[in-house]
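# Breakdown of the fold
Spelled out, the chains give:
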Amino acid sequence: MIKKTGVILAVIFLLTSINSCYFDRNINDELEICYLNTANQYLCTIDIDGSNKKLLIPNPDINHPSWSPDGEQIIFRLGNAIFNIYIVNADGTNLRKITNSTNATVGNHFPTWSSDGERIIYTEDRDGTRFRHIAKPDGTIL
């Protein structure tokens, strides 16, 4: 009886967690995947069925791409020794830098979106100490 009750509680907890993490967004019928080309790490998109491959940014120093919740933008880290966070529209237009590191002792990493798309979260590594930042998509730190 205790084992069965524990399983039921675990299922309820799991369903509650899934429901509370869900974010409803409107997306096109043609789903796209954002990925890094493994040969050169260029930022690309491709339709879920494998068609319509697009090269967005031909730069080998891109990492950590992440879609905005509305599917309109992609955030990523770019850099070789100096790492900054950039946002680009899903079609590859309007590339903009949102952090402004100017030396190798300060780098920005692991950008991701808040579920409502109003904020971005990223890690700043300054001389070996890590800080978490929350910012608007224009780069203004909150």
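As a starting point, this report considers the structure included with it. (Residues numbered from 1 in each chain as written. Predicted model: local features only at pLDDT ≥ 70, side-chain atom pairs only at ≥ 80, totals over all residues. Heavy atoms only, no water.)

It is worth spelling out the side chain of Thr 99 at this point. By secondary structure assignment, the location of Thr 99 is in the loop between strand S7 (96-97) and strand S8 (106-113). Engagement of the side chain of Thr 99 in a polar contact is seen with the side chain of Asn 84, the distance being 2.7 Å. At 3.3 Å, the side chain of Thr 99 and the side chain of Asn 108 are in polar contact. Setting aside anything within four residues of it in sequence, one finds Thr 99 in contact with Asn 84, Ile 85, Asn 108 and Tyr 122. (Helix = DSSP H or I, 4+ residues; strand = E, 2+ residues; numbered from the N terminus. Polar contact = N/O pair within 3.5 Å; in protein donor to acceptor, adjacent residues only side chain to side chain. Contact = heavy atoms within 4.5 Å.)

One finds Cys 34, Leu 36, Leu 43, Leu 56, Ile 57, Ile 62, Ile 74, Phe 76, Leu 78, Tyr 86 and Val 88 forming the largest nonpolar core, which totals 11 residues. Secondary-structure elements contributing two or more residues to this core are strand S1 (32-36), strand S3 (54-57), strand S5 (73-78) and strand S6 (84-89). Here this core gets 3 residues from one element, more than from any other, and that element is S5. Core analysis: the next-biggest nonpolar cluster, separate from the first, contains 8 residues, Ile 75, Trp 113, Ile 120 and Ala 135 among them. (Core = buried A, V, L, I, M, F, W, Y, C linked by side-chain atoms within 4.5 Å. Buried < 20%, exposed > 50% of the residue type's maximum accessible area, 1.4 Å probe, protein only.)

A word on the pairing of strand S2 (residues 43-47). A large share of S2 lies buried, amounting to 5 of its 5 residues. A two-sided burial pattern is seen for S2, the buried positions comprising Leu 43, Thr 45 and Asp 47 on one face and Cys 44 and Ile 46 on the other. Pairing analysis gives 5 bridges linking S1 to S2, with the strands arranged antiparallel. Looking at the pairing, Glu 32 lines up with Asp 47 of S2. Across 3 bridges, the pairing between S2 and S3 is antiparallel. Bridge pairing in S3 places Leu 43 opposite Ile 57. Following S2, the chain reverses through 6 residues before pairing antiparallel with S3; Gly 50 in that reversal takes a positive phi of roughly 90 degrees. (Pairing = 2+ DSSP bridges.)

A word on the pattern of salt bridges. This model, assessed by the stated rule, comprises 3 salt bridges. The shortest N-O distance in the salt bridge between Glu 124 and Arg 126 comes to 2.6 Å. Asp 125 is paired through a salt bridge with Arg 130; the nearest N and O atoms lie 4.0 Å apart. Relative accessible area serves as the criterion here: at 19%, Asp 125 is assigned to the buried category. (Salt bridge = Lys/Arg side-chain N within 4 Å of Asp/Glu carboxyl O.)

The next subject is the environment of Ala 90. By secondary structure assignment, the location of Ala 90 is in the loop between S6 and S7. Judged by relative accessible area, Ala 90 falls into the buried class, the value being 12%. C-alpha of Ala 90 to C-alpha of Thr 45: the two residues are 45 residues apart in sequence and 8.2 Å apart in space. Not counting residues within four places of it along the chain, the set of residues in contact with Ala 90 comprises Thr 45, Leu 56, Trp 67, Gly 71, Glu 72, Gln 73 and Ile 74.

Taken in spatial order, the 4 strands of this open sheet run S4-S5-S6-S7, and their pairing is antiparallel. Where the open sheet ends on each side, the last strands, each with one partner, are strand S4 (62-67) and S7.

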